[in-house]
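Listed below are the residues making up each chain.
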Amino acid sequence: MSSALWLLLVILVHLPDQAYTKQPNIVLIVADDLGYQDVGFRGSDILTPNLDRLAGEGVILENHVVSSICSPSRATLLTGRYPIRTGFWKGNIKPNEEFGLGLDETLLPEMLKRNGYATHGVGKWHCGMHTWEHTPPKRGFDTYFGLFLGEQGYYSHKKTGKTDFRENFYDEHG
């Protein structure tokens, strides 16, 4: 992630109180496999009226570092660090792999919570799940709805015959 994008996120979180009567809403959409011109606001024939409205009323972040695969890109977005710095240079997390974002890393949702935001994750996590501490509810999300791994069927939510779909998923301690 470029330093300019990270600076923008820090500025949004730390704007002076007098700049807004309330904190601005932050909606961050990560769309895997979306082509640059696959949205209406880029002139596409594909109709995307809700995304077009969000783009027109918000900020479009389009100059940042991503990987060609999902786990390293997500790790970079959540930490603001290059994949080589988070251990994700080797690729995607595999099922049952004992690896994830280091617990010493401070993630974007944790920083937002410290600054009074409610945080909600929807979609694919794919940043580690081998211990409860590596799952989204323990990494700064108030609620989470989605998949912990990648490469599931869009409709079945299954990988290797097992369903991976979570809604407000908590461990035995709440």
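Everything quoted here is computed from the prediction, not taken from an experiment. (Residues numbered from 1 in each chain as written. Predicted model: local features only at pLDDT ≥ 70, side-chain atom pairs only at ≥ 80, totals over all residues. Heavy atoms only, no water.)

Topic: the packing of aromatic side chains
Short version of the rule: For Phe, Tyr and Trp, rings pair up if their centres lie within 6.5 Å, where Trp contributes its six-membered ring, and each pair is then called stacked (planes under 30 degrees apart), edge-to-face (over 60) or tilted (otherwise). Numbering of helices and strands runs from the N terminus, with a helix taken as a DSSP run of H or I at least four residues long and a strand as a DSSP run of E at least two residues long. Look at NZ for Lys and CZ for Arg. If either is within 6 Å of the ring centre and within 35 degrees of the ring normal, a charge sits over the ring.
Tallied over the full model, the rule gives 3 aromatic pairs. Ring centres 6.2 Å apart and planes at 90° place the aromatic pair tryptophan 125 and phenylalanine 141 in the edge-to-face group. In this pair, tryptophan 125 sits in the loop between β1 (120-124) and β2 (143-147) while phenylalanine 141 sits in the loop between β1 and β2, placing the two residues 16 residues apart along the sequence. The aromatic ring of phenylalanine 99 is capped on one face by lysine 90, whose charged end is 4.4 Å from the ring centroid.

Quick look at the state of the cysteines
Here is the rule: By convention in this document, the label disulfide applies to cysteine sulfur atom pairs within 2.5 Å. Classification of residues uses two cut-offs on accessible area relative to the type maximum, computed with a 1.4 Å probe and protein chains only: under 20% is buried, over 50% is exposed, and between them is partly exposed.
Enumeration according to the criterion identifies 0 disulfides in this entry. You can see cysteine 70 has no disulfide; the closest cysteine sulfur is in cysteine 127, sitting 8.4 Å from it. Take cysteine 127: its relative accessible area is 1%, and that puts it in the buried class.

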